[in-house]
Amino acid sequence: MNNEEVAAIFERIADLSEIKGEIIYKTLAYRKAADSIRNLGADVEAIHREGKLLDIPGVGKAIAEKIDELLTTGKLNFLLKLEQEVPPTLVDLLKVPDIGPKKAAMFWKKGGITTLAELEAAARAGKLRGLPGMGEKSEARIISGLEALARRSKRLSIGVALPIAIRWVEWLRKLPGVEQAEAAGSLRRRKITIGDLDFVAAARDPKPIMDAFIHHPEVQRIAGQGENKSSIEAAGGLNIQLWIQPPERFGTLLQFVTGSKEHNVRLRELAQKKGLSLSEQSISRADGSEQTYADEKGVYAALGLPWIPPELREDRGEIAAALAGKLPHLLVRSDLKADLHVHSTWSDGAATIAEMAAAARERGLKVLAISDHSGGLGVAGGMSVEKLHERRAEIESVQEKMGDSLRLLQGAEVEIHADGSLDYEDEVLAELDVVVASLHSSLRQPREQITERLLRAMRNPNVDVIGHPSGRLLPNREGADLDWERVLAAARETGVALEINAHPARLDLDEVYARRAAEMGIPLSLNTDAHAPDQLDLIEYGISAARRAWLEPEQIINTWPPEKLLAWLQNRGRKTH
DNA sequence: GCCGTTTTCGGCCCGACTGTTTTCAGTCG
């Protein structure tokens, strides 16, 4: 079982326990454990083998035993029993807005409802309104919620969500009375996929702003409206929240709405230990006095912490690091000197080498590898060896024109065949300055096979970088089922760099493995995979991904001074394994 | 069910919004 599967089991236990009416702190413990497992970056099976399950935060004796049973026998009696007590289909009801564990349990016990279909039938027949705590309005909200659920978009990739969010923020900032407005929530933390959009605004009088918000032309449904907080549904089932506080309370508001929820819980626990109470409005003392904060920095300072960058606010150790003065100094765009993975018209790119080079120079890069596809990838118009040799002259000619301002490298993105062999012979690879080896096809091979395949490519001393290692496409296509323990071990052994592909549909290597890889001393390479000049700006998404992985500049070879990077590339081929 | 620079037992974040159970519970972030 992989981490995701184990995590999903504990989330299921949490959902069912909550409906069963188990004390809330037990269900929170299951959720916390699920989260931890998902964020491990290491294989839970490997940790199990080493007998180190108790080292996982939020995993104690009881949960460790459950993991052990799960990984040893493939099933979990505790869950099987739970599913006898609580109809498993009830967890589907929790997805409906306004239905939580209490209502789900009530529908089941008092109304005999266990499935979404039964719920909808009962609601439309007017049979919900007689149940405890249910009136006509609640029944109508359930129907509306069921419809919203059907319309609701899947999570958006950050590349789709960010431009939408920017548009809304600009609209908000133009409203009279709005002194500040920001996108908060998971978008501000730059998660790779976004569920809802959350905006915060500072204003003296919130009413006209809330009014404008719920009457925005894109609003399809008003899910809630109040003085400080309103919630709407926009086109495509996208849910959007707006929170408003006066300017002097904007700091606590922005902090609160940025989240994550888990980060905020830790922060509030910390506040409590200091005899303080943190909310979106202020920090208050036991005597009732309160202090307001216009910016976030003040909020963190009041708790004895340096400001924590939003990308780190996931309760993955950032508060402990902040307390110890050991927050990473995260990568910023100006740190990046090189892009080792861009395409040109020699394969499936839209721009010439000269155009890509000019765009790279404009953006302050010092090194650019033209890494067109090898011949094997038919759809992408990959280069035959002959074409590759022809291209060499053009790169050299553009290099002459660029002079010292930009160093162009002869590169290729070489296809890793289904058996792990590469698309070009070793002699051809050896002629190149940079070899990025990537999986594009047969991604559904079984774990053992696809892992071996990738490892074979990594062990080729001509390979410098493994491009978008998992091959995932966000938000829907899962990556290859790789044995990450072996992949990371092989990367450490061979010294090959793992790519963080900045394209917002990839962001691959995933942040949890990127963080672990960096901790293991594995070099990482942050590249755009640009197929046109303006796609060089997609690097922003990659930077966010790297920041979420706690990466510091020196862990990314693209930040190295050009001489150091070139020396590293030249020495790669001579490595013995 | 987890966890410990106050604790191995007794805690475990805080407030807005909604609808209904006329004083509060449920849901959400």
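Cut-offs and rules
Residues numbered from 1 in each chain as written. Chains lettered and ligands numbered in written order. Predicted model: local features only at pLDDT ≥ 70, side-chain atom pairs only at ≥ 80, totals over all residues. Heavy atoms only, no water. Near = heavy atom within 4 Å. Polar contact = N/O pair within 3.5 Å; in protein donor to acceptor, adjacent residues only side chain to side chain. Helix = DSSP H or I, 4+ residues; strand = E, 2+ residues; numbered from the N terminus. UniProt positions renumbered as here; feature names shortened; annotations may be inferred. Domains from an automatic or database assignment. Contact = heavy atoms within 4.5 Å. Buried area = accessible area lost by both parts, 1.4 Å probe. Salt bridge = Lys/Arg side-chain N within 4 Å of Asp/Glu carboxyl O. Nonpolar A, V, L, I, M, F, W, Y, C, P; charged D, E, K, R; others polar.

A. Structural context of the protein's contact with DNA strand B. DNA strand B sits among 46 residues. The nearest are Gly60, Gly133, Gln225, Arg268 and Gln281. Per the 4 Å cut-off to the protein, sugar and phosphate atoms form 71% of the nearby atoms of DNA strand B. In this structure, Lys66 approaches DNA strand B through a side-chain N or O atom, which is 3.3 Å from a phosphate oxygen. Within the contact set of DNA strand B, a phosphate oxygen lies 3.5 Å away from a side-chain nitrogen or oxygen of Glu269.

B. Examining the side chain of Thr258 more closely. As for its placement among the helices and strands, Thr258 is situated in helix α13 (residues 250-258). Only 2.8 Å separates the side chain of Thr258 from the side chain of Arg188, close enough to count as a polar contact.

C. Inspection of the UniProt feature "domain: DNA-directed DNA polymerase X" (unreviewed entry) in chain A at higher detail. Sequence positions flagged by UniProt for "domain: DNA-directed DNA polymerase X" (unreviewed entry) are, in local numbering, residues 1-314. The span residues 1-314 is 51% helix and 14% strand, and its two end C-alpha atoms sit 24 Å from each other.

D. Looking closely at the domain arrangement of chain A. With domains assigned, chain A is organised as domain 1 (3-151), domain 2 (156-245), domain 3 (251-323) and domain 4 (333-572). Here domain 2 and domain 3 have C-alpha centroids that lie 22 Å from each other. Domain 2 puts 15 residues into the contact, and the matching count from domain 3 is 16 residues. A buried area of about 1,100 Å², summed over both sides, lies between domain 2 and domain 3, and 63% of it is on carbon and sulfur atoms. At the junction of domain 2 and domain 3, the tally comes to two salt bridges. Residue Arg189 is joined to Glu314 by a salt bridge in which the shortest nitrogen-to-oxygen separation is 2.8 Å. For the pair domain 2 and domain 3, the interface holds five residue pairs in polar contact (both at pLDDT 80 or more). Listed by contribution, the elements that provide at least two residues to the side of domain 2 that touches domain 3 are β2 (180-183), α11 (185-188), β4 (197-202) and β7 (238-245). Here the residues of the side of domain 2 that touches domain 3 sort into five nonpolar, four polar and six charged.

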